[in-house]
Amino acid sequence: MQTSYGLTVPLFFSCVLVLLALAWRVLNWVWFHPKKLEKQLREQGFRGNPYKIFYGDFKEISTMFKEANSKTINLSDNIVPRIIPHIHGILNKYGKKSFLWFGPKPLVLIMDSGLIKEVTQKIQVFQKPKSNPLAKFLATGVVSYEGDKWAKQRKVLNPAFHMEKLKLMLPAFDQSATDMLSKWEDMVSEKGSIEVDVWPNLQTLTSDAISRTAFGSSYEEGKRIFELQREQAEHFLEALRSVYFPGLRFLPTKRNRRMKRIAKEVDDSIREIINTRLKSTRAGERNHDDLLGLLLESNSQEIGKHGNKVGMTIQDVIEECKLFYFAGQETTSVLLVWTMILLSRFPDWQSRAREEVLQIFGSNKPDFDGLNHLKIVTMILNEVLRLYPPLSTLTRKTIEETKLGNLTLPAGVMVTMPIMTIHHDPKIWGEDVQEFKPERFAEGVSNATKGQVVFFPFGWGPRICIGQNFAMLEAKLAMAMILQRFSFELSPSYTHAPRSSITLQPQYGAHLILHKL
Ligand code: HEM
């Protein structure tokens with residue numbers, strides 16, 4: 001027997017069943033599941049806005065960001081409401097035990113130091129939330145993996161970031177800083193001063209440094225690869241700003257085609273560098289001291305110890321190289337730019353830092369041991385990371401129901417640990433929390449934090465930033481070299497507008513007046 005649609009009755013009923021199942025899944029996703037999670041959270045004393053179907057708090061959040069970014073602020077203003085207005089708003093409205101709706105997903109705030117420690121340590125249960133599928137075009141790598149894959153990758157990468165290996169990176173950092181400083185010296189007029197927006201220059205510095213440290217002698221190819229990665233990131237951010245439908249990335253739009261072409265070109269170029277390296281290693285040549293060389297060396301040692309199962313594939317190595325750029329470039333340039341801005345605002349600290357640098361190095365090139373003895377500069381960098389952490393929040397999602405302190409979090413909940421808010425909490429840091437006071441760190445980080453997880457610009461737990469020593473070494477060297485050659489102050493055209501665009505950037509640049517010393 002056939003229905004009026006020309007289908008047999010069993011087929012007709014099967015289609016109806018499939019459609020009903022689909023409709024149920026959609027309804028469950030946009031309504032029943034979020035409502036169930038909301039009930040579970042409210043029963044435990046969490047407070048937040050009532051769930052609104054599909055959008056949640058999405059509209060309010062985007063309005064808050066638009067408003068926050070439309071106004072500049074004064075230098076002494078609290079920057080938190082401008083950077084994370086949604087979290088600031090919900091805390092003011094509902095207090096510390098609260099949640100927000102990111103579409104149909106609740107985002108629970110974790111403000112307690114003990115709970116932050118627990119979340120960042122229980123990496124099996126609290127995993128990274130899935131990123132936009134287009135992010136795969138940029139890089140995957142250790143930052144996005146979970147479970148065994150993460151553990152394997154991290155184990156192979158770790159040795160490349162050990163202190164004694166980082167020592168080998170100094171010439172690359174030095175060369176990149178020298179290039180920038182020579183440019184500034186050429187620009188300085190007869191009077192010995194010039195106004196410069198240092199932000200793009202500092203970005204170039206850290207870009208060059210990562211191209212050199214990642215690919216060493218293949219720096220020129222590395223530079224080209226990272227230029228393509230930068231373009232790729234622009235396409236990605238543009239895509240994020242437009243409406244996204246599932247599957248959109250498969251359509252042959254102009255942007256998608258370009259992104260695919262870039263991804264292929266980048267992969268092919270890195271593969272070529274790797275193959276050349278592997279050939280020269282087989283021919284008995286010495287290993288290269290750059291990140292790629294160290295990674296290949298560590299990988300072959302792992303394979304030697306445990307066989308192919310524990311080693312990385314060539315594609316894995318390619319992904320890690322692509323990731324170095326995103327993880328290591330902008331974060332470090334952001335640290336440098338806020339350091340220069342804050343030292344411009346606080347010339348007494350600038351002078352103290354310069355005195356220390358001149359006392360240790362005179363006008364010589366800073367060396368590894370000397371950099372490790374820079375106390376004032378380290379205190380300054382830590383205070384900059386406290387006030388202007390390059391990443392404002394850490395986010396995870398629960399993959400199963402889990403205990404957290406005396407709470408029970410259902411599966412499928414996102415949790416966020418607002419680094420920025422905790423770094424600016426007067427209950428932790430005192431009433432002078434908004435002030436730039438590097439002396440807080442005079443006796444080291446654990447003294448300043450009384451051993452609590454309240455200062456975590458590089459994250460915490462097993463997934464703490466692998467590149468933190470790399471970044472600090474690069475920043476110390478760059479700052480030491482800048483302080484040796486220039487003094488600097490804010491230009492009248494400087495506009496204070498820190499903005500979170502993945503990292504914490506100066507929205508209108510960093511216009512400073514540089515004086516040649
Ligand atoms: C001031 C500079 C930097 C800051 C503030 C910073 C911050 C962070 C933070 C907060 C995390 C943890 C993210 C999370 O748990 O969700 C992280 C992870 C990571 N960072 Fe950095 N980072 C910096 C520089 C670097 C550099 C220079 C590199 C490499 C060259 C790097 C490579 C990575 C990698 C690979 C991870 C993932 C680690 C894992 O998941 O096991 N970072 N970073």
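So, here is what we can say about the structure in this document. All figures in this text were calculated on a predicted structure; none of them were measured in a lab.

To continue, consider the packing of aromatic side chains. Summed over all chains, the structure comprises 18 aromatic pairs. Seen from their ring centres, Phe54 and Tyr55 are 5.4 Å apart, and the 70° between their planes marks the pair as edge-to-face. The exposure class assigned to Phe54 is partly exposed, which follows from its relative accessible area of 39%. The exposure class assigned to Tyr55 is partly exposed, which follows from its relative accessible area of 40%. Judged by centre distance (6.1 Å) and plane angle (45°), the rings of Trp429 and Phe441 are tilted. Highlighted residues: Trp429 in helix 18 (residues 426-429) and Phe441 in the loop between helix 18 and helix 19 (445-449), separated in sequence by twelve residues. Accessibility classification places Trp429 together with Phe441 in one group, the buried group. Chaining the aromatic ring pairs together yields one cluster made of Trp31, Tyr51, Phe99 and Trp101. Stacked on the ring of Phe46, the Lys or Arg Lys97 has its end atom at 5.3 Å from the ring centre.

This paragraph deals with the site of the ligand. The local shell around the ligand holds 26 residues, among which Trp150, Arg154, Arg396, Arg463 and Cys465 are the closest. Within the contact set of the ligand, an oxygen atom lies 2.8 Å away from a side-chain nitrogen or oxygen of Arg154. At 3.1 Å, a side-chain N or O of Arg463 approaches an oxygen atom of the ligand. Elements represented by at least two residues in the shell around the ligand include exactly helix 6 (147-157), helix 13 (314-345), strand 5 (394-398) and helix 20 (468-485). The greatest single-element share of the shell around the ligand, amounting to six residues, is contributed by helix 13. A breakdown of the residues in the shell around the ligand according to their chemical character gives 17 nonpolar, five polar and four charged.

We now examine a nonpolar patch on the surface. Together, Val26, Trp29, Ile53, Phe54, Tyr55 and Phe58 make up a nonpolar patch on the protein surface, roughly 620 Å² of accessible area in all. On the secondary structure map, Tyr55 appears in the loop between helix 1 (9-43) and helix 2 (58-70).

In a regular helix each residue adds 1.5 Å, so 29 residues correspond to 42 Å; helix 11 (residues 254-282) covers 42 Å between its end C-alpha atoms and thus fits that length. Here helix 11 has its buried residues at Asn256, Met259, Ile262, Ala263, Val266, Asp267, Ile270, Ile273, Ile274, Arg277 and Ser280. In the segment just after helix 11, Gly284 is the residue with positive phi, at about 90°.

Here we come to the sheet that holds strand 4 (residues 193-197). With antiparallel pairing, three strands are arranged side by side in an open sheet as 4-12-9. Where the open sheet ends on each side, the last strands, each with one partner, are strand 4 and strand 9 (486-490). Direction aside, neighbouring strands of the sheet carry axes that sit 30° apart on average. Summarising the sheet, strand 4 and strand 12 (residues 511-516) pair through five bridges and their orientation is antiparallel.

Reading the values: rules and limits
Residues numbered from 1 in each chain as written. Predicted model: local features only at pLDDT ≥ 70, side-chain atom pairs only at ≥ 80, totals over all residues. Heavy atoms only, no water. Phe/Tyr/Trp six-rings, centres within 6.5 Å; stacked < 30°, edge-to-face > 60°. Buried < 20%, exposed > 50% of the residue type's maximum accessible area, 1.4 Å probe, protein only. Helix = DSSP H or I, 4+ residues; strand = E, 2+ residues; numbered from the N terminus. Lys NZ or Arg CZ within 6 Å of the ring centre and 35° of its normal. Near = heavy atom within 4 Å. Polar contact = N/O pair within 3.5 Å; in protein donor to acceptor, adjacent residues only side chain to side chain. Nonpolar A, V, L, I, M, F, W, Y, C, P; charged D, E, K, R; others polar. Patch = residues over 30% accessible without salt bridge, like charges linked within 9 Å, V, L, I, M, F, W, Y side chains within 5 Å. Areas by Shrake-Rupley, 256 points an atom, 1.4 Å probe, with all protein chains shown as cover. Salt bridge = Lys/Arg side-chain N within 4 Å of Asp/Glu carboxyl O. Expected span 1.5 Å × (residues − 1). Pairing = 2+ DSSP bridges. Axes fitted to C-alpha atoms, helices over the stretch in contact; angles between N-to-C directions.

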